[in-house]
Amino acid sequence: MELIDAPCFLQYTNSVMHIAIGYLCRILKERMEECMQDTIAVLIPCYNEAVTIGKVVDDFKRVLPEADIYVYDNNSSDGTASIARDRGAIVRHESRQGKGNVVRQMFRDIDADYYIMVDGDDTYPAESARELLAPLMDGSADMTVGDRLSNGSYGEENDRAFHGFGNNLVRWLIKAIYGYGFDDVMTGYRAFTRSFVKTMPVLSTGFQIETEISIHAVDKGWRVVDVPIEYRDRPEGSESKLSTFGDGAKVLMAITSLCKDYRPFVFFGLFALVFFVLGLVVGLPVVYEFFQTSYVTKFPSALLAVGLVCCGMLSSTAATILDTVAKAHRKQWELEVYRVMKDQSN
């Protein structure tokens, strides 16, 4: 039997080991790069959008092939879920009716580094998705807003009465209360970072969710960037589920409720001011009469004035106490944001 030359065998073995180690290192590097790659989730809440959902899913798969497309069906009866599933979307169901309920469940369920939320009615261009993501990825924003109004596309495409007026009214109220002027507050096209989504307490159940997200962003000091987009109206056969007056009233109620929760000093301070002014209006004639005659004959006015001033004092006390509570809650929320960011970096 022929003997194997030991030096040649060792040299051969070393060569094989070097090749194997190099191959394993390359595979490991590729796996690490895959793990380190930012993940993107496209969130599409849907209710009876069979006419448009297929195109929306196709468009986002083409523009963001690396993203996961999630369609949350909200009790549709027209086959929306089946169409989305056939187009390759990840379909889930939310039985609680209302867009706010759907968004809440989306935020709870889905883990990603970046999120895009868009309506399933094909009114928002998927081509703008990377423009929405860019400020998030370069660290200059925590939420980006698809602005339909600045370039006039919403006014040209949307012929529904009072929608523009309602949007402007909500923008003005947020500007007056919180000091931040959105270009478009009611848009359904937004992008978020993970830390924004995982610390966003969704309380709304319906279409007021956009207003709640906007107010939460400005109240908590998140960085917001408006990104102009080209809006297009719904295609023929697709119907809006938004009730101009019904949902408009819910939005105004949501602004009032969130002002009470986030800015109680402003909310109850305004009531206190109104009570004090009314108390002065009713009480000054009584005081004037007393100084003139040393008598009080307008007892009903005097009692009303005292009651109004007492209500003003109670409102101002409530404003001070609840403002302290709100500041304490904000501090706890900031600590939660730090925890989420730390977990994300790990």
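Just above sits the structure.
Conventions adopted
Residues numbered from 1 in each chain as written. Predicted model: local features only at pLDDT ≥ 70, side-chain atom pairs only at ≥ 80, totals over all residues. Heavy atoms only, no water. Helix = DSSP H or I, 4+ residues; strand = E, 2+ residues; numbered from the N terminus. Buried < 20%, exposed > 50% of the residue type's maximum accessible area, 1.4 Å probe, protein only. Contact = heavy atoms within 4.5 Å. Areas by Shrake-Rupley, 256 points an atom, 1.4 Å probe, with all protein chains shown as cover. Phe/Tyr/Trp six-rings, centres within 6.5 Å; stacked < 30°, edge-to-face > 60°. Lys NZ or Arg CZ within 6 Å of the ring centre and 35° of its normal. Patch = residues over 30% accessible without salt bridge, like charges linked within 9 Å, V, L, I, M, F, W, Y side chains within 5 Å. Salt bridge = Lys/Arg side-chain N within 4 Å of Asp/Glu carboxyl O. Arc of directions from axis to C-beta. Core = buried A, V, L, I, M, F, W, Y, C linked by side-chain atoms within 4.5 Å. 1 Å grid on protein atoms, 1.4 Å probe; cavity = no way out; pocket = protein on both sides within 12 Å on 5 of 7 lines; lining within 4 Å. Points joined across faces, edges and corners; volume = space filled by probe spheres on them.

J.: Looking at this structure, how should I read the overall build of the chain?
T.: Helix and strand content of the chain: 12 helices and seven strands. Among the 346 residues that make up the chain, the fraction classed as buried is 41%. Across the chain, contacts joining residues at least 24 apart in sequence account for 76% of those joining residues at least 6 apart. Here the chain has roughly 18900 Å² of accessible surface; of this, 62% comes from carbon and sulfur atoms.

J.: I keep staring at the packing of aromatic side chains and nothing clicks. Help me out?
T.: Each aromatic ring pair is characterised by the separation of its centres together with the angle its planes make. For the structure on display, the rule yields 11 aromatic pairs. For the pair F290 and F291, a centre-to-centre distance of 6.0 Å together with 70 degrees between the ring planes defines the contact as edge-to-face. For F290, a relative accessible area of 41% corresponds to the partly exposed category. The structure contains a cluster of three or more aromatic residues connected by ring pairs, namely F107, F192, F196, W222 and W333. When the ring centre of Y231 is taken as reference, the NZ or CZ atom of R148 above it lies at 5.7 Å. Above the plane of the ring of Y262 lies K220, whose end atom (NZ or CZ) is 4.0 Å from the centre.

J.: Where do I start with a nonpolar patch on the surface in this structure?
T.: A cluster of nonpolar side chains, L270, L273, V274, V277, L278 and V281, forms an exposed patch at the surface whose accessible area comes to about 530 Å². Take V281: it is sitting in helix α11 (residues 264–293).

J.: What is the right way to look at helix α5 (residues 129–137) in this model?
T.: Given 3.6 residues per turn, any residue in an α-helix points the same way as the ones three and four places further on. The set of residues buried in α5 consists of A129, L132, L133, P135 and L136. Burial along α5 is one-sided: seen end-on, the buried residues are contained in an arc of 155 degrees. In this structure, the buried residues of α5 make contact with β1 (40–46), α2 (53–63), β4 (114–117), β5 (143–147), β6 (190–193) and β7 (224–228). Positive backbone phi, at 80 degrees, marks G139, one or two positions downstream of α5.

J.: Would you take a moment to explain the nonpolar core for this structure?
T.: Soluble, globular proteins show a tendency: their nonpolar side chains are buried together. Membership of the largest hydrophobic core comes to 39 residues, with the highest contact counts inside it found for F107, M143 and F192. What F192 contacts, discounting residues up to four positions off in sequence, is F107, D113, Y114, Y115, M117, L136, D142, M143, V197 and I213. Ranked by size, the runner-up nonpolar core spans 32 residues in total, among them V56, V63, L132 and L136.

J.: Help me understand empty space enclosed by the protein in this model?
T.: Any space left empty among the atoms is revealed by the rolling of a water-sized probe across them. The full count for this structure, using the stated rule, is one cavity of 30 Å³ or more. Here the largest cavity is characterised by a volume of approximately 30 Å³.

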